[in-house]
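Here is what each chain is made of, one letter per residue.
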Amino acid sequence: IELGTTRIAFGEVQKQGLPTIPGYRIGEVLGRGGMGIVYRAEQTSLHREVALKVLSRDLTKDPQFVAKFVAEARAAAKLQHPNVVAVFDVEHDADIYYYSMELMTGSLEDELRQRGALPVERALRVIADAAAGLAYAESLGIVHRDIKPDNLMLDPHGVVKIADLGLARSDEEVEEKAIGTPHFMAPEQVLKKEIDHRTDLYALGCTFYRLITGRTPFRGQTVKDILRAQVKDDPEPAHKVNSDVPAEVAAIVQRLMA
């Protein structure tokens, strides 16, 4: 029941097993990852639905990690672009650290699983959206490092937005470990060499390939096989995998992956 700005809720408003966070009514689990769990939630003060990412308790035991995470999330909240998922807030309640962001309807990977390869015109539109977001990232010196269909999210109007852009590291930072998803990793990423915005363009090419063919450019029995192929092989042209793909579109994919 709502009377003006007062809301009275009867019955079970918070399911058992879900975290309790002041200011939010937590709903279903939207996803799980290495950093924690993403929930659908309502920001009660604004009656706004958001995605709420709650960090794993194991990670919050490291004060240095927490400090870095909070700094990155605050920086992410400053990013403003129509093709980047907006971060609204980062906060903590005791040892529960979380940030809220724009609620999306799903990812391109979800669409692929449900419908198979996308029509070429649709794929061109979503890749153009992602490219616009990556151009913005490049202007800020940010390299995402993990562009793939799972990280390209759809808003209710079908516009593609890049997830976790603000939580990617800037290109001057150095790390010994290769980061990324094998099917979408650029050769320089696999070889732990210097990376820049072209690394994300390569991954966008792999993503484009998957969108229009329904499969990744390289496949293998093991992760090592896939990574070796990323470095040494050329993919079969997309128009030969799917005859509905014009040669001109396949050439764009090849250019992205050059």
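The text that follows walks through the structure, step by step, so that each part is easy to find. In this text, all values refer to a predicted model and were calculated from it rather than measured experimentally.

Considerations on the nonpolar core
Leu165, Phe208, Leu211 and Ile212 are the most contacted members of the largest nonpolar core, which totals 39 residues. Those elements giving two or more residues to this core turn out to be α2 (108-115), α3 (120-139), β9 (152-154), β10 (160-162), α5 (197-213) and α8 (247-256). Excluding its chain neighbours within four sequence positions, the residues that come into contact with Ile212 are Ala117, Leu118, Ala123, Ala238, Asn242, Val245, Val249 and Val253. Counting 18 residues, the second largest nonpolar core, distinct from the first, contains Val38, Ala73, Val85 and Leu103.

Some remarks on unusual backbone geometry
Glycine aside, residues mostly have negative phi, and peptide bonds are mostly found in the trans state. Backbone geometry at Arg145 places phi at a positive 80 degrees, although glycine is not the residue there. Within the element layout of this structure, Arg145 appears in the loop between α3 and β9. Judged by its relative accessible area of 12%, Arg145 falls in the buried class. Here the phi dihedral of Lys192 falls at roughly 60 degrees; this positive angle occurs in a residue that is not glycine. One can find Lys192 in the loop between α4 (187-190) and α5. A residue is classified by how much of its surface remains accessible, and Lys192, at 57% relative accessible area, is exposed.

What counts and how
Residues numbered from 1 in each chain as written. Predicted model: local features only at pLDDT ≥ 70, side-chain atom pairs only at ≥ 80, totals over all residues. Heavy atoms only, no water. Core = buried A, V, L, I, M, F, W, Y, C linked by side-chain atoms within 4.5 Å. Buried < 20%, exposed > 50% of the residue type's maximum accessible area, 1.4 Å probe, protein only. Helix = DSSP H or I, 4+ residues; strand = E, 2+ residues; numbered from the N terminus. Contact = heavy atoms within 4.5 Å.

Interpretation note: all reported values are geometric properties and have no functional meaning in isolation.
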